[in-house]
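# Summary of structural features
What follows is the residue order along each chain.
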Protein chains: 2
Amino acid sequence: MGENIGAAARVMGNFGLSDLRIVAPRDGWPNPAADTMSAGAFDEAVCAQVFETLEEAIADLSFIAATTARPRGMQKPVLDAAGAVTDISSRGTTNCGVMFGAEKTGLLNEHVVLANAIVTYPVAAGFSSLNLAQAVGVFAHAWAARDADAPAETFGGVDGPAGRDELVGMMTHFEDELERAGFFFPPEKKQVVVNNLRNMFTRADWTAQEVRAFRGAIKALAIGRGKARIGPRGGD
Amino acid sequence: MGENIGAAARVMGNFGLSDLRIVAPRDGWPNPAADTMSAGAFDEAVCAQVFETLEEAIADLSFIAATTARPRGMQKPVLDAAGAVTDISSRGTTNCGVMFGAEKTGLLNEHVVLANAIVTYPVAAGFSSLNLAQAVGVFAHAWAARDADAPAETFGGVDGPAGRDELVGMMTHFEDELERAGFFFPPEKKQVVVNNLRNMFTRADWTAQEVRAFRGAIKALAIGRGKARIGPRGGD
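The model shown is predicted, which means the values in this text are computed figures rather than measured ones.

## Here we look at the interface of chain B and chain A
- At the interface, 72 residues of chain B touch 72 residues of chain A.
- Taken together, both faces of the contact between chain B and chain A bury some 6,100 Å²; the carbon and sulfur share is 61%.
- Connecting chain B to chain A are three salt bridges.
- Taken together, the elements giving at least two residues each to the side of chain B that touches chain A come down to helix 1 (2-14), helix 3 (41-44), helix 7 (132-144), helix 8 (164-180), helix 9 (190-204), helix 10 (208-223) and helix 11 (225-229) of chain B.
- Considering every element that reaches the side of chain B that touches chain A, the biggest residue donor is helix 10 of chain B, with 10 residues.
- When the residues that make up the side of chain B that touches chain A are grouped by side-chain class, the tally is 38 nonpolar, 19 polar and 15 charged.

Structure below.
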């Protein structure tokens, strides 16, 4: 189906794969439905070539993994997506390929035997028919994620965590205003309540800017009484 | 788009995820295009529920990851697919969810701030627009492929994290009181300030009891005005 080919090309492009080889497409090539679903992948990211037979399509490859939904009873290594990526990565400049079958039929045994290894995904037993482009997408993502072993940057923001002095200043400010508002009652329980609040704020891991923002909010609540008195809660 | 919802449901079913929550679908619900693309997922594998707002959809969740294509400059943990799966696995019986935005727009900042963490995929810089169902598929596969030996419970306390409804209730309470106190000035900046505050509180990962404690503190500051006026800051 052209739709599947186009969607597969799109997700290949998304994850940095550029060499798409199509064997005997059912509806010929080029295919308008494939173009539509590709979201421009054929122009911008992916080179598609068409072959009449699988043998021609893989002629220049040295390592091939075949994706199959079920075990084939063949004596071949069976890998998951991450395992296939690790294996292919380790082969350096060797030309490697991954084969996907048509969505309804999958790969024929005569195609699978040409592969060095089998790749399977952990699909649910009762609902295992994966869309072809999804099958391509899972491998493509695993490939793009291969160097992500080093933990990525932990936080998206630019601001660092607040210094402990800033944090303590904020907590003290909050506690002072709560004290003025009569929050700590009975007084002998104050320390437990303060401890609980400090634990919450310390665990929150706020940045210096966030600490300042919260101090601004406390201040507004504490000194905004004049304004509040003309608001809907004026009777408080 | 119904097609994307249906394709997302299909790949969820393929990888054993069954709880799909749809917020304000553009073309209503049920949707024939979604049914077609689902390949039977709604009958066989996936339960879909429709909500009018994101807040309702996530009300009973305690941990939420938001998928975004680009960094948002928010102070949140940024995870890859495998990292998100590891994190969610470690939370045991906590209700966890993953948010995906509409394909063209992604998630709005006001939605992302409600998440505990951001999930990104290593997409190609020049061709980064991922199909929505592919984005769901990548996470769903990573979930199905997670290691059986999940790390032990990471929370030391006995109290579980607050439900999202409790957290949103607390944040709304805080914002309402700040509004009364005249904190949001100028008014056109209110949404940005609210987003920053919500991001801070969401990241704080407070328990249900801590959320209640903070609401008590807000209330004290808001209604403690009479007591405050006879205190040392009585002139405020």
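## Quick word on the packing of helix 5 (residues 81-89) of chain A against helix 7 (residues 132-144) of chain A
All names here are of chain A.
- Orientation of helix 5 relative to helix 7, taken along the N-to-C sense of each, is 50°, at an axis distance of 9 Å. Classified by the angle between their axes, helix 5 and helix 7 sit oblique to one another. Both helix 5 and helix 7 take part in a crossing whose hand is right-handed. In this structure, helix 5 contributes A81, A84, V85, I88 and S89 to the contact, and helix 7 contributes V138, F139, A142 and W143.

## What about the confidence of the model for chain A?
All names here are of chain A.
- Residues at a pLDDT of 70 or more form 89% of chain A, whose mean pLDDT is 86.
- Between residues 225-236, whose pLDDT stays under 50, and residues either more than four places distant or in other chains, the model counts 21 contacts.
- Across the whole predicted complex the pTM is 0.78, and at the interface the ipTM reaches 0.75.

## What to know about a negative patch on the surface
- On the surface, a cluster of negative charge is made up of E52, E55, E56 and E110 of chain A.
- Mapped onto the secondary structure, E110 of chain A falls in helix 6 (residues 109-112).

## Things to note about the side chain of D87 of chain B
Residue and element names in this part refer to chain B.
- Here D87 shows up in helix 5 (residues 81-89).
- Only 2.8 Å separates the side chain of D87 from the side chain of R91, close enough to count as a polar contact.
- With residues up to four places along the chain from it excluded, the contact list for D87 reads F63 and L79.

## Regarding the pairing of strand 1 (residues 19-23) of chain A
Residues and elements named next belong to chain A.
- Residues L20 and I22 of strand 1 are buried on one face, while the alternating residues D19, R21 and V23, pointing to the opposite face, are not.
- Across five bridges, strand 1 lies against strand 2 (residues 47-51) in parallel orientation. When the bridges of strand 2 are listed, I22 appears paired with V50.

What counts and how
Residues numbered from 1 in each chain as written. Chains lettered and ligands numbered in written order. Predicted model: local features only at pLDDT ≥ 70, side-chain atom pairs only at ≥ 80, totals over all residues. Heavy atoms only, no water. Contact = heavy atoms within 4.5 Å. Buried area = accessible area lost by both parts, 1.4 Å probe. Salt bridge = Lys/Arg side-chain N within 4 Å of Asp/Glu carboxyl O. Helix = DSSP H or I, 4+ residues; strand = E, 2+ residues; numbered from the N terminus. Nonpolar A, V, L, I, M, F, W, Y, C, P; charged D, E, K, R; others polar. Axes fitted to C-alpha atoms, helices over the stretch in contact; angles between N-to-C directions. Parallel < 35°, antiparallel > 145°, perpendicular 65-115°, else oblique. Left-handed = near helix turned anticlockwise from the far one by under 90°. pLDDT = per-residue confidence, 0-100. Patch = residues over 30% accessible without salt bridge, like charges linked within 9 Å, V, L, I, M, F, W, Y side chains within 5 Å. Areas by Shrake-Rupley, 256 points an atom, 1.4 Å probe, with all protein chains shown as cover. Lys, Arg positive; Asp, Glu negative; His and termini not counted. Charge placed at Lys NZ, Arg CZ, Asp CG, Glu CD. Polar contact = N/O pair within 3.5 Å; in protein donor to acceptor, adjacent residues only side chain to side chain. Buried < 20%, exposed > 50% of the residue type's maximum accessible area, 1.4 Å probe, protein only. Pairing = 2+ DSSP bridges.

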